[in-house]
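Breakdown of the fold
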There are 2 protein chains.
Amino acid sequence: MPTEFQFLDRLREKYSLGRIGDDCAVLPKDARTDLVVTADLLVEEIDFRLDWTRPEFVGHKALAVSLSDVAAMGARPVWAMVSIGVPEKIWNSDFVDRFYEGWFALAGRHEVELVGGDVSRTPDKIVVDSIVAGETRKSQAVLRSGARPGDLIFVSGELGGAAGGLRLLMNGSRSEETTKHWQNRLIDRQLKPEPEVAAGRAVGSRRLASAMIDLSDGLSSDLFHLCRASGVGAKIFRDLIPLDPNLAGLVQDAEQQFQFALNGGEDFKLLFTVAPDIFFGREKLFEKHSFFRLGEVTANTEIIELVAPSETSVIEPRGFRHF
Amino acid sequence: MPTEFQFLDRLREKYSLGRIGDDCAVLPKDARTDLVVTADLLVEEIDFRLDWTRPEFVGHKALAVSLSDVAAMGARPVWAMVSIGVPEKIWNSDFVDRFYEGWFALAGRHEVELVGGDVSRTPDKIVVDSIVAGETRKSQAVLRSGARPGDLIFVSGELGGAAGGLRLLMNGSRSEETTKHWQNRLIDRQLKPEPEVAAGRAVGSRRLASAMIDLSDGLSSDLFHLCRASGVGAKIFRDLIPLDPNLAGLVQDAEQQFQFALNGGEDFKLLFTVAPDIFFGREKLFEKHSFFRLGEVTANTEIIELVAPSETSVIEPRGFRHF
């Protein structure tokens, strides 16, 4: 059977779909503006579990994952729709009210307007489809496909925290019960991720990036997606990958911490490439935004090299996929 | 517990949502154009059953219900997204390929471009969220709220066929097995409805309607929604309601046929109101499009009167709702 990525490639080819395959589709709006749109499906038991999270967090996260896609285009989010399907027993609880409380709290901070959606019944499980639209200046949406050999690779924040939080939840920790700061931080990264809306706009409005993607599946997978779309390779330096400092509470072994950062999903930081002449002279700006330099783009198409002090290895995309 | 309509009213009020509550949200696009957008969730076992339908029909219907919402704004559909969640066993079958075949066959006829969406895994049941965007000339989207007392009420086609098809399916009929023309027609109305895209554009581009809604829940319910949004009432004439002629094969009793037309859902015809001075003089145009006149708008807010030869009664909305 095809993986979900192979399936989408085939669909794109079979039906000549030119706008499929980036974090958002880019559509013309008016003479000065493009619209970007994205949709993200969240399914109970697959993407969240009610005994691990709170209804407010499900609402928050549904919006956050789509805001992250809009940020990855360098765009400003503007409006959204939510389609939600719930079984009868959930309808008769406070779940839906609390879901929207979480959704609107995040939407308010980013001035996103809810304009529509759907409410439906499901036989058993909760399902949410989150749709967000944003705007960029004409032809300035940042695609995955613009990276060129020699470009520098950056990430907008520390990695591995969401995967660390998932590990804690799988091991039975719950945020109400934990007393340690690092535990709460890691669980928050998993259940209530903050989309990089400000970073995305900073990158987009200053035209800093040649290519960008959000880290939803994991660094190894998403860097591979970006390289594939751009027809390039990448060399990243192990010691430059910024680890979430709270991981040190979870595992002491440096290699294990690094694996969370390399292959863990759902950090929702932005990964982007920058031409050297754009970067040099602007080091302070990158520092101000906590953009971490990881490595550089190479001409070795679809080859991701990991440079460690002792050896250089080729890594495989090992992040999350549904199929 | 609130009904889904009460819930949406409360959400609209609590969060001051001005664009919620019509068939589509209306958003500014450029100086001459507005964008309309809609999302519709279809859930296995609630909205369709695999043993009643075919994957191609599920794809067709997912798009059709959203095209119907766009048509109900008098708009032209332009682009779409599909989010689809399926369990592993369905992913490993030909379902998804055939779903998209049905989707693209309908999309091609209406020149709708697939621009994005999502693919996800579900624990058990199939779920589809269909998102369609359309365009209208600036400020000319036809809302539910513009009906005025004295306006005439029209429907764009015959009613009750989809509910008749549902009855056949519930009684065990399947389209592969039926030999009678009327049975196949009714089952097609239920499984593979044709959205009224051409009728919607005819009404919209000529500015014929003061208000419009698509008949998804059923005539009694959708007329009530339109009256409520407009702050008016309606008087419809029983003998003017156009019955799907294939219903005569299913039930001989005229009252039963009429109940399918009045309270059955999913006919996806358009219900609209027309100011008398717009209608008179254009009778031929309405006839050409098979627009049937049902009655007229009254000042009796939210009261729907049904005028039969023998008596006039007030009817309640009895169409479909999820909660």
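About the criteria used
Residues numbered from 1 in each chain as written. Chains lettered and ligands numbered in written order. Predicted model: local features only at pLDDT ≥ 70, side-chain atom pairs only at ≥ 80, totals over all residues. Heavy atoms only, no water. Buried < 20%, exposed > 50% of the residue type's maximum accessible area, 1.4 Å probe, protein only. Helix = DSSP H or I, 4+ residues; strand = E, 2+ residues; numbered from the N terminus. Pairing = 2+ DSSP bridges. Axes fitted to C-alpha atoms, helices over the stretch in contact; angles between N-to-C directions. Parallel < 35°, antiparallel > 145°, perpendicular 65-115°, else oblique. Left-handed = near helix turned anticlockwise from the far one by under 90°. Contact = heavy atoms within 4.5 Å. Phe/Tyr/Trp six-rings, centres within 6.5 Å; stacked < 30°, edge-to-face > 60°. Lys NZ or Arg CZ within 6 Å of the ring centre and 35° of its normal. Buried area = accessible area lost by both parts, 1.4 Å probe. Salt bridge = Lys/Arg side-chain N within 4 Å of Asp/Glu carboxyl O. Polar contact = N/O pair within 3.5 Å; in protein donor to acceptor, adjacent residues only side chain to side chain. Least-squares fit on C-alpha atoms with pLDDT ≥ 70 in both.

Describing the pairing of strand β2 (residues 33-43) of chain A
Residue and element names in this part refer to chain A. Taken across its eleven residues, β2 has eleven buried, putting it largely inside the fold. Burial of the side chains of β2 extends over both faces: Thr33, Leu35, Val37, Ala39, Leu41 and Val43 are buried on one face and Asp34, Val36, Thr38, Asp40 and Leu42 on the other. Pairing geometry for strand β1 (residues 25-30) and β2, over five bridges, is antiparallel. Directly across from Val26, in β2, lies its bridge partner Val36. In textbook terms, the turn of a hairpin is the stretch between consecutive antiparallel strands, and for β1 and β2 this stretch comprises two residues.

A look at the packing of helix α2 (residues 55-71) of chain B against helix α4 (residues 95-109) of chain B
All names here are of chain B. Between α2 and α4, the least distance of the axes is 6 Å, while the angle of their chain directions is 40°. Classified by the angle their axes make, α2 and α4 are oblique. In terms of crossing hand, the pair formed by α2 and α4 is right-handed. Seen from α2, the contacting residues are Pro55, Glu56, Val58, Gly59, His60, Ala62, Leu63, Ala64 and Leu67; seen from α4, they are Phe95, Arg98, Phe99, Glu101, Gly102, Trp103, Leu106, Ala107 and Arg109.

Observations concerning the packing of aromatic side chains
Enumeration according to the criterion identifies 30 aromatic pairs over all chains in this entry. Here B:Trp103 and B:Phe104 contribute two aromatic rings whose centre-to-centre distance is 5.0 Å and whose plane-to-plane angle is 75°, an arrangement assigned as edge-to-face. Overall, B:Trp103 belongs to the buried group, its relative accessible area being 0%. B:Phe104 gets classed as buried once you look at its relative accessible area, which sits at 13%. Cluster of aromatic residues (ring-pair linked, three or more members): A:Phe7, A:Tyr15, A:Phe323, B:Trp91, B:Phe95, B:Phe99, B:Tyr100, B:Trp103 and B:Phe104. Note that A:Arg49 overlies the ring of A:Trp52, its terminal NZ or CZ placed 4.7 Å from the centroid.

Observations regarding the interface of chain B and chain A
Each partner contributes residues to the interface: chain B has 61 residues there, and chain A has 61 residues. Taken together, both faces of the contact between chain B and chain A bury some 5200 Å²; the carbon and sulfur share is 69%. One salt bridge connects B:Arg10 with A:Asp97, and the closest N-O pair in it is separated by 2.9 Å. Between the two partners, chain B and chain A, sit 16 residue pairs in polar contact (both at pLDDT 80 or more). Mapped onto the side of chain B that touches chain A, the elements with two or more residues apiece are α1 (4-14), β1 (25-30), β2 (33-43), β3 (76-86), α3 (88-91), α4, β4 (113-121) and β5 (127-137) of chain B. The element best represented in the side of chain B that touches chain A is β4(B), accounting for nine residues.

With respect to the relation of the copies chain B and chain A
Aligned on chain A, chain B shows an RMSD of 0.0 Å; the corresponding rotation is 180° and the shift along the axis is 0.0 Å. In the structure described here, the two chain copies are related by an operation that fits a two-fold rotation axis. Every residue of chain B has its C-alpha some distance from the rotation axis, and the shortest such distance is that of B:Asp30, at 2.5 Å. An overlap of 100% is found between the interface residues of chain B and their copies at the interface of chain A, pointing to a shared contact surface.

Looking at the pattern of salt bridges
Residue and element names in this part refer to chain A. Overall, the coordinates contain 36 salt bridges over all chains when judged by the stated rule. Linking Arg228 and Asp9 is a salt bridge whose minimum nitrogen-to-oxygen distance equals 3.0 Å. One end of the pair, Arg228, is in helix α8 (residues 219-230); the other, Asp9, is in helix α1 (residues 4-14), with 219 residues separating them in the sequence. Taking relative accessible area as the criterion, Arg228 reaches 42% and is therefore assigned partly exposed. Assessed through its relative accessible area of 22%, Asp9 is described here as partly exposed. What you see here is one network of salt bridges that share partners, running through Asp9, Arg12, Arg228 and Glu302.

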